[in-house]
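Residue-level listing of the chains:
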Amino acid sequence: MRSKLLLGLLSLAACERVEPPVAPQHVDPLTSQSSSGRIAFVSNRDGNSEIYVMNVDGTGLTRLTNDPAVDDYPAWSPDGSRIAFTSTRDGHNNIYVMNADGTGVTQLTTSTRTFGSQAPAWCGTKIAYMSDDYIEAFPDIYVMNDDGTGQTRLTTDNAAFDEFPTWSPDCARIAYSIDPDGTAASISVMNADGTGVTGLVTGPGHNKHPAWSPDGTRIAFVSDRDDVGNSTEIYVTNADGTLPTRVTTNSAFHLYDFPAWSSDEAQLAFQASAVATPGIYVMNADGSGVTLFADSAANRPAWFGPGSSPPP
């Protein structure tokens, strides 16, 4: 919630100097290294925040949710048959799952807190998420079975924001953002049971919203480390936190966020705001070939594609 508010305030502050990441163009499968799979994303193009899915080549746009509540943060199941997401349809932020065609919506969490339960991440038969069920307004990382049972708090930073978990592909570790006081953020990693917490990405500014690559060797994340308090860029680091490399650039103020890997690690999708054409963009993993995937779209995209190997 706090991340969304900060993003919105920064976007308003930048309204006089926005530019697109590149000249907006729709994805052409002939110009990108990888063009297979489907991306789930959030858009208010029909007047409300709903979850959509579209093929990476720009075909097959389908609206999956149809509810007056806010639906966001989609996450694919390992086999692509279901999608977990956050919704306010019971009056609070909670985690739901549905079939990949939008049917069979089932509520998994029943939080009544201010922040609630949000941002699911699926691996094997487990779903990690963030929730303030323990201390209101201070989210921790939780994990549960994908039927909603076994909800377990993993982090114990009582006065910090532990947010946006991402799994290693073998489901053995979880990386997440930690923000102790609102002035800086870093990325930590822990074992799937919450033990062995280790700092992964630190440094100046806000380093947050990690996304583990499907082969387990790299983690993409967001940071303003090169100009603290200004634009946010997409970076990629080795899975042990070494060699963080900036892969996006733009001379104008902009906010890039929520990277998501293609199944072959050749591309990254991300959200772009405070630009002339806000939406979800796709680029090659080295930052080249940036193309507009979906305008009027925001929130964390989720990529599922052929070649994905469901963990045991």
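This one's a predicted model, so the numbers in the text were calculated from it and none came from an experiment.

Novice: Tell me what's going on with the overall build of the protein, and back it up with residues and numbers.
Specialist: The number of helices and strands found in the protein is 1 helix and 24 strands. By the burial criterion, 55% of the 312 residues in the protein qualify as buried. Residue pairs at least 24 apart in sequence account for 40% of intrachain contacts in the protein once pairs closer than 6 positions are excluded. Roughly 12200 Å² of accessible area belongs to the protein as shown, and the carbon and sulfur atoms make up 52% of that amount.

Novice: Let's hear about the state of the cysteines: which residues, and what values?
Specialist: Covalently bonding the sulfur atom of one cysteine to the sulfur atom of another cysteine gives a disulfide. All chains considered together, the criterion is met by 1 disulfide. The residue that forms a disulfide with Cys 123 is Cys 171, at a sulfur-sulfur distance of 2.1 Å. On the S-S bond that ties Cys 123 to Cys 171, the torsion sits near -90°, and the link is left-handed. Placement of the pair is Cys 123 in strand 8 (residues 117-123) and Cys 171 in the loop between strand 12 (161-167) and strand 13 (173-179), with a sequence separation of 48 residues. When sorted by exposure, Cys 123 lands in the same class as Cys 171, which is buried.

Novice: Can you lay out the pattern of salt bridges for me, pointing to particular residues and giving the numbers?
Specialist: A complete count under the given rule lists 9 salt bridges for this structure. The salt bridge partner of Arg 82 is Asp 146, with a shortest N-O separation of 3.4 Å. Taken together, the positions of Arg 82 in strand 5 (residues 82-87) and Asp 146 in the loop between strand 10 (138-145) and strand 11 (152-153) put the pair 64 residues apart, joining distant regions of the chain. Assessed through its relative accessible area of 25%, Arg 82 is described here as partly exposed. The class of Asp 146 is buried, set by a relative accessible area of 16%. The shortest N-O distance in the salt bridge between Glu 136 and Arg 113 comes to 3.4 Å. Note that Glu 136 is positioned in the loop between strand 9 (126-135) and strand 10 and Arg 113 in the loop between strand 7 (106-107) and strand 8, a separation of 23 residues in sequence. When its relative accessible area of 36% is taken as the criterion, Glu 136 is described as partly exposed.

Novice: Help me get a handle on the packing of aromatic side chains, residues and values and all.
Specialist: Inspection of the entire model under this criterion finds 12 aromatic pairs. Summarising the aromatic geometry, the rings of Trp 76 and Phe 304 are spaced 5.6 Å apart at their centres and angled 35° between planes, so their arrangement reads as tilted. Of this pair, Trp 76 sits in strand 4 (residues 71-76) while Phe 304 sits in strand 24 (residues 297-304); the two residues are 228 residues apart in sequence, bridging distant segments of the chain. The two residues Trp 76 and Phe 304 agree in class, both being buried. With a centroid separation of 5.8 Å and 25° between ring planes, the pair formed by Phe 85 and Tyr 96 is classed as stacked.

Novice: Which residues make up the sheet that holds strand 5, and what are the values?
Specialist: The strands that make up a sheet are held in pairs by hydrogen bonds between backbone atoms, and each pair lies either parallel or antiparallel. Taken together, the 4 strands give an open sheet; going across it, the order is 4-5-6-7, and neighbouring strands pair in antiparallel fashion. What marks the edges here is a single partner per strand, and that holds for strand 4 and strand 7. One ladder, built from 4 bridges, connects strand 4 with strand 5; its direction is antiparallel. Paired with Trp 76 across the two strands is Ile 83, which belongs to strand 5.

Novice: Account for the side chain of Thr 65, naming residues and giving values.
Specialist: In this structure, Thr 65 sits in the loop between strand 3 (62-63) and strand 4. Within the local environment of Thr 65, its side chain forms a polar contact with the backbone nitrogen of Ile 51, the two atoms lying 2.9 Å apart.

Criteria and thresholds
Residues numbered from 1 in each chain as written. Predicted model: local features only at pLDDT ≥ 70, side-chain atom pairs only at ≥ 80, totals over all residues. Heavy atoms only, no water. Helix = DSSP H or I, 4+ residues; strand = E, 2+ residues; numbered from the N terminus. Buried < 20%, exposed > 50% of the residue type's maximum accessible area, 1.4 Å probe, protein only. Contact = heavy atoms within 4.5 Å. Areas by Shrake-Rupley, 256 points an atom, 1.4 Å probe, with all protein chains shown as cover. Disulfide = S-S within 2.5 Å. Salt bridge = Lys/Arg side-chain N within 4 Å of Asp/Glu carboxyl O. Phe/Tyr/Trp six-rings, centres within 6.5 Å; stacked < 30°, edge-to-face > 60°. Pairing = 2+ DSSP bridges. Polar contact = N/O pair within 3.5 Å; in protein donor to acceptor, adjacent residues only side chain to side chain.

Everything listed here is a matter of coordinates, which is why it stays silent on function.
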